[in-house]
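Here is what each chain is made of, one letter per residue.
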Amino acid sequence: MSFIEVKNVSKTFKISKRRSGVPGMLANLFVPKFEKKEAVKNIGFNIEKGEMVGFIGPNGAGKSTTIKMLSGILYPDSGEINVGGYIPYKQRKSYVGRIGVVFGQKSQLQWDLPVIDSFELMKAIYSVPDDVYKKNLSRFTEMLDMSGFIEQPVRQLSLGQKMRADIVAALIHSPEIVFFDEPTIGVDVVGKETIRSFIRELNEQDNVTMIFTTHDMQDIEKTCKRLIIIDEGSKVYDGTLSGIREKYGTSRQLDVEFGCMEDISSIDKVDIIELENNKKRFVFESRDVHINELMNHLLSNYSVRDINISEPEIESIIRRIYNKEVVEA
Amino acid sequence: MKDVLHLIGMYTKTTAKSWFQYRVDAVLKSLAVFLREATGIIVIWFTLLKFDDLNGWNIYEMLFLFSLLFLTYGIMIIFFTGLRDFGSTVRSGNFDRFILRPRGLLFQIIFVNSDWFAALGHGGLGITLFLISAGKVGIRWNMYNAVYYIFTVAGGVLIQGAVFLFLATLNIYLLQTNSLKGLIYWNMRKFAGYPISIFHKAIQFFMIYVMPFAFVNYFPAQYLLRKDDMSDYPEIFMYLTPAVGIVMYLIAYLFWRFSIRFYKSSGN
């Protein structure tokens, strides 16, 4: 039995559909029309204790809904969720004391008060013993370099400082599982790096299970070994980051700089994109086109000055998954 | 238990501390609430100077009637600010945070925030009106009276708390109930400043059985003042306020418990 088990979980929302114009408004009032939106369709996965898993997917893919069901905010319509022996939405009070949740877009700090006051409040809410509180606080403030602003009111902090403080607020009760919903949104490069290395360290040292959602692929590349891609409510990929290249990243691109303006109209099964300065890009699937044949063809028929071959970046593969341009290899 | 009291203390401390960040504003806000509500009273004061009495109620008896209304609201809002603002808590998604904390949901709604400005403004006006009127309406205060008064105030607080809880619960289904609150709570409250016997039967019915403000101030005041118009109503009504409060709150609480599982989190 895995630490986190999700089986065939679905969630549908009823969205009221608005009609426009005055007659429409009256119609809305008396005969509301509802539209069903399947936010999550039959999703399933297992996560082991101490794993760090990234959830990605375009906006509205069902990431947040999944996280909300895992953290006990929402009831699934069907399917089963079990986290460390608890059913989140049924045993809420005993369950949520063991998890921490960071919403990148929704702070839980007291806006007008010094950061430390919010931590003290968390201590009271979660009944954290004094010694644990002191230990966690001094450790986290040092790891996240927060001693400079812990006495400052939250409203005076920068976005990056606030995010770090929010992360500590979610961790002060030593949760076994932490959910991060876009933890680096709006944070600058240095701040992002601090947050990522903190998350990595915490996972390695304390064996905390972590689940992420993000739009920043760098977050995933620098922290998670495992990646789950959700699109339109369904799981489309579940595996390692490098596995995604093997599975989807079979296209190659060849950038060629020619000695003069060459007119290459078409090559079978190769997309040709014109670039500036007599450069052209050839994009093809490695199973359809042998690269040495293509290169031979170019080198023997045209004057080639420079040649450069590259694999697609993870980010562009994922973009193509979202756009349904790639299918499994 | 000690743990819970400590947490309530921490919530109160946090609210008070935020409050003291803007001291001048805090004082002015309370004063503004006080004056806004007092204006209505002053208008009635001058009106009654021309008429002597209203269906047998003189100006001081009227002020006594008003004092119960404001005092119960002032106390109620200390505990039920979170229910008053529950609509915006749901819409902003902040309710998700409550769900993520290992404490009772209603407990958090009640203790996380208190609108002390409203409490001081309304409560202060209630106490002021009580002090002005209590000595002049012929009540001989004794132990029984005092105990009755305390229980009846508690009942009045619960009645209004129950209405707030009920309207807050509707937010789970409707997301926005402010106009409904304006319609059934605030509008009816305007009638509640007067002896209900002066109104049309339909309004009286509404004030007794639908939004029972009559039990918040009219019937309790009748117990202490014994005006002639009490003969229009069953005598037992003067003793029912605490029971009405408890029953209404219980019903609202059960409705809340039933509804909370339908909560849909707001999207991002």
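Structure's up top.
Everything numeric here is computed off the predicted structure, so don't read it as measured data.

### Concerning the overall build of chain B
Right, on to step 1. For chain B, the count of helices and strands is 12 helices and 2 strands.
Right, on to step 2. Seen in sequence order, chain B has helices and strands lined up from the N terminus as α-α-β-β-α-α-α-α-α-α-α-α-α-α.
Right, on to step 3. Over its C-alpha trace chain B gives a radius of gyration of 19 Å, about what one expects of a compact globule, namely 18 Å for 268 residues.
Right, on to step 4. Principal axes of the C-alpha set define a box for chain B whose edges measure 60 × 40 × 35 Å.
Right, on to step 5. By the burial criterion, 37% of the 268 residues in chain B qualify as buried.

### A few points about the overall build of chain A
Right, on to step 1. Scanning chain A from N- to C-terminus turns up 11 helices and 13 strands.
Right, on to step 2. A globule of 329 residues ought to have a C-alpha radius of gyration of about 20 Å, yet chain A, at 25 Å, is considerably larger.
Right, on to step 3. By its C-alpha atoms, chain A is 75 × 55 × 50 Å across when sized along the principal axes.
Right, on to step 4. Sorting the 329 residues of chain A into buried and exposed places 35% on the buried side.
Right, on to step 5. Long-range contacts, defined here as pairs at least 24 residues apart, represent 71% of the contacts in chain A between residues at least 6 apart.

### Comments concerning the interface of chain A and chain B
Right, on to step 1. Contacts between the two partners involve 26 residues from chain A and, on the opposite side, 20 residues from chain B.
Right, on to step 2. Elements supplying a minimum of two residues to the side of chain A that touches chain B: helix 2 (63–70), helix 3 (92–96) and helix 4 (115–125) of chain A.
Right, on to step 3. Broken down by class, the residue content of the side of chain A that touches chain B amounts to 11 nonpolar, 8 polar and 7 charged.

### Here's the deal with the sheet that holds strand 13 (residues 304–310) of chain A
Residues and elements named next belong to chain A.
Right, on to step 1. Reading across the sheet, the 4 strands line up as 11-12-10-13 and stay open at both edges, with antiparallel pairing between neighbours. One side of each edge strand has no neighbouring strand; the edge strands of this open sheet are strand 11 (271–274) and strand 13. Adjacent strand axes in the sheet meet at a mean angle of 20° when their direction is disregarded.
Right, on to step 2. Here strand 10 (residues 251–258) runs beside strand 13; their pairing, made up of 6 bridges, is antiparallel. Its bridge partner lying in strand 13, D255 is registered against N308.

### A short note on the nonpolar core
Right, on to step 1. Within the largest apolar cluster, 131 residues are counted, with the highest numbers of intra-cluster contacts made by A:F179 and B:A162.
Right, on to step 2. Setting aside chain neighbours within four positions, we find B:A162 in contact with B:M248, B:Y249 and B:A252.

Rules used in this analysis
- Residues numbered from 1 in each chain as written.
- Chains lettered and ligands numbered in written order.
- Predicted model: local features only at pLDDT ≥ 70, side-chain atom pairs only at ≥ 80, totals over all residues.
- Helix = DSSP H or I, 4+ residues; strand = E, 2+ residues; numbered from the N terminus.
- Rg over C-alpha atoms; globule rule 2.2 N^0.38 Å.
- Buried ≥ 20, exposed ≤ 12 C-beta atoms within 10 Å, placed from the backbone.
- Contact = placed C-beta atoms within 7 Å.
- Nonpolar A, V, L, I, M, F, W, Y, C, P; charged D, E, K, R; others polar.
- Pairing = 2+ DSSP bridges.
- Axes fitted to C-alpha atoms, helices over the stretch in contact; angles between N-to-C directions.
- Core = buried A, V, L, I, M, F, W, Y, C linked by C-beta atoms within 7 Å.

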